[in-house]
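Spelled out, the chains give:
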Amino acid sequence: MSYQIKGLLYEGKAKKIYETDNPDIVIMEYKDDATAFDGTKRGTIREKGIVNNKVSNHFFKLLESKGIPTHFVEEIDERRTAVKKVEIVPVEIIVRNIAAGSLCNRLGLEEGIVLKRPILEFCYKNDALHDPQINQYHILALELATEEEVDRIVEYSFKTNQVLREYLKEVNIDLIDFKLEFGRYKGNIVLADEISPDTCRFWDVNTKEKLDKDRFRRDLGNVEEAYKEVLKRLGL
Ligand code: TMP
């Protein structure tokens, strides 16, 4: 399929979204810009956009094949992908298998502790408020999503965790935690946004080396190399 790209619809911190001549389809373009801590830390990770586009599309295709509906339509080129035009639910979902990041800060846990079962958290998607953590009651009271939508989001989030965790184990990567976003498309909930080293924590199973955006957030060095390593292990 070919799409006539029209005007810029939206520019986020890591992606640009363009309208097309098809009202149901938009084009996502991945940038090399990197931000952390609500955009207060800024930088560039060379070819990050290329890695994230390929990695995310690979995961979305895998998840589709396992029965999780996603916004993915087709990869256009190394930085751009056609996706269904969704209305993003303003709730970020975080799934955690191993304690890291803000969970450790909040609960005083040591990084690397294996959780007895996965934890699912909701955050209100609002940078000005620093994406505050909320729960199911906030979502329903503020009408951010319906009860049926929340049920679907929770089901798809845990399934995504199961599929990706098993898949990544095969390439010697532990899926520590990740963030998902969902959208509404023709009345149904679909997985949207991206799943990449920007939005997940990936650790080498043996060395525990970090292969994700924490290398940028924490100034650990070899940031580009880590992103490329993920691409290589996925055979992309
Ligand atoms: P956290 O430990 O900082 O709460 O992050 C949990 C996961 O969510 C981690 O894999 C990184 C991801 N994440 C995002 O994708 N975007 C964000 O803005 C934040 C804070 C985290």
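Residues numbered from 1 in each chain as written. Predicted model: local features only at pLDDT ≥ 70, side-chain atom pairs only at ≥ 80, totals over all residues. Heavy atoms only, no water.

**Things to note about the overall build of the protein**
Under the convention used in this document: Only DSSP runs of H or I covering at least 4 residues are called helices, and only runs of E covering at least 2 are called strands; the numbering of each starts at the N terminus. C-alpha atoms define the radius of gyration, and 2.2 Å times the number of residues to the power 0.38 defines the globule rule. Each residue gets one of three labels from its accessible area relative to the maximum for its type: buried under 20%, exposed over 50%, partly exposed in between, using a 1.4 Å probe on protein chains only. Only the protein chains shown count as cover for residues, with accessible areas throughout obtained via the Shrake-Rupley method and a probe of 1.4 Å. For the purpose of counting charges, residues Lys and Arg are taken to be positive, whereas Asp and Glu are taken to be negative. His and the chain ends are not included. Charged side chains are reduced to one point each, which is NZ for Lys, CZ for Arg, CG for Asp and CD for Glu.
A tally of regular secondary structure across the protein gives 6 helices and 13 strands. For 236 residues, the compact-globule estimate of 2.2 N^0.38 gives 18 Å, and the C-alpha radius of gyration of the protein, at 17 Å, lies within 12% of that figure. Taking the principal axes of its C-alpha atoms as reference, the protein extends roughly 50 × 40 × 35 Å. Taken across its 236 residues, the protein has 50% of its residues classed as buried. Only carbon and sulfur atoms are counted for the fraction: they give 48% of the accessible area of the protein, which is about 11,700 Å². Within the protein, one finds 38 positive and 43 negative side-chain charges whose respective centroids are separated by 2 Å.

**A closer look at the sheet that holds strand β1 (residues 5-11)**
Basically, it comes down to this: Here, a strand pair is defined by DSSP locating no fewer than two bridges between the strands. All axes here are fitted lines through C-alpha atoms, helices being fitted over the stretch that makes contact, and every angle between N-to-C directions spans 0 to 180 degrees. We call two residues contacting when some pair of their heavy atoms lies within 4.5 Å.
The sheet built from 5 strands is open, its strands ordered β1-β2-β3-β7-β6 with antiparallel pairing. Taken across any chain shown, the strands that pair with only one partner, and hence form the sheet edges, are β1 and β6 (72-75). Averaged over all pairs of adjacent strands, the angle between their axes in this sheet comes to 30 degrees, without regard to strand direction. Pairing of β1 with strand β2 (residues 15-20) involves 4 bridges; the strand directions are antiparallel. What sits directly across from L8, in β2, is Y18. The strands touched by helix α1 (residues 48-65) within the sheet are β3 (25-30), β6 and β7 (80-84), with β6 carrying the most contacts at an inclination of about 135 degrees.

**Considerations on the site of the ligand**
Spelled out, the test is: Each residue is tested against the molecule or strand, and it is near if at least one of its non-hydrogen atoms lies within 4 Å. As used in this structure description, the phrase polar contact means that two N or O atoms lie within 3.5 Å; if the pair is within protein, one of them must be able to donate a hydrogen and the other to accept it, and residues adjacent in sequence are counted only when both atoms belong to side chains. Classification convention: Asp, Glu, Lys, Arg as charged; Ala, Val, Leu, Ile, Met, Phe, Trp, Tyr, Cys, Pro as nonpolar; all other residues, Gly among them, as polar.
Not every one of the 13 residues close to the ligand is listed here, only the nearest: R96, S102, D177, K179 and R201. In this structure, an oxygen atom belonging to the ligand sits 2.5 Å away from a side-chain N or O atom of D177. Out of a free accessible area of 450 Å², the ligand has 76% covered by protein chains. Looking at the shell around the ligand, the elements with two or more residues in it are β8 (87-98), α2 (101-107), β11 (173-185) and β13 (200-204). Top contributing element to the shell around the ligand by residue count: β11, with 3 residues. Here the residues of the shell around the ligand are counted per class, giving 4 nonpolar, 3 polar and 6 charged.

**Considering the nonpolar core**
Heads up, the condition is: Put simply, buried Ala, Val, Leu, Ile, Met, Phe, Trp, Tyr and Cys residues joined by side-chain atoms within 4.5 Å make one nonpolar core.
Of all hydrophobic cores here, the largest spans 45 residues; its most connected members are L168, I195 and F202. Of all the secondary-structure elements, those providing two or more residues to this core are β4 (33-36), α1, β8, α4 (147-169), β11, β12 (188-192), β13 and α6 (223-233). Beyond its immediate chain neighbours, meaning those up to four positions away, F202 contacts F59, L168, I173, D174, L175, S196, P197, E209, K210, L211, D212 and V230.

**Notes on the UniProt feature "domain: SAICAR synthetase/ADE2 N-terminal" (unreviewed entry) in the protein**
Threshold: UniProt positions are given in the numbering used here, feature names are shortened, and annotations may be inferred rather than shown by experiment.
If you check UniProt for "domain: SAICAR synthetase/ADE2 N-terminal" (unreviewed entry), the listed places come out as residues 8-233 in our numbering. The span residues 8-233 is 31% helix and 36% strand, and its two end C-alpha atoms sit 34 Å from each other.

**Comments concerning the state of the cysteines**
Selection rule: Disulfides are defined in this document as cysteine sulfur pairs within 2.5 Å.
One pass over the structure, following the stated rule, counts 0 disulfides. Here C200 is not cross-linked by a disulfide; its sulfur's nearest cysteine counterpart is in C123, at 15 Å. Look at C200 and you get buried, because its relative accessible area is 2%.

**Description of the environment of E149**
Relative to the helices and strands, E149 resides in helix α4. On the basis of relative accessible area, E149 is assigned to the buried category, the value being 13%. Residues E149 and F182, 33 residues apart in the sequence, show an inter-C-alpha distance of 9.7 Å. Not counting chain neighbours up to four residues away, the residues in contact with E149 comprise R184 and I189.

**Examining the pairing of β13**
Most of β13 sits out of view: 5 of its 5 residues are buried. Burial of β13 is two-sided: the residues C200, F202 and D204 facing one way and the residues R201 and W203 facing the other way are all buried. Two elements, β11 and β13, share 5 bridges in a ladder whose sense is antiparallel. Residue L175 lies in a different strand from β13, and its bridge partner there is F202.

**Some thoughts on the packing of aromatic side chains**
Quick note on the threshold: Put simply, two rings from Phe, Tyr or Trp (the six-membered ring, in Trp's case) pair if the centres are within 6.5 Å, and we call them stacked under 30 degrees between planes, edge-to-face over 60, tilted for the rest. Remark: a charge is flagged as sitting over a ring if the NZ atom of Lys or the CZ atom of Arg is within 6 Å of the ring centre and within 35 degrees of the ring normal.
Evaluated as defined, the whole model comprises 2 aromatic pairs. Between K41 and the ring centre of F216, over which it is positioned, the NZ or CZ distance is 5.2 Å.

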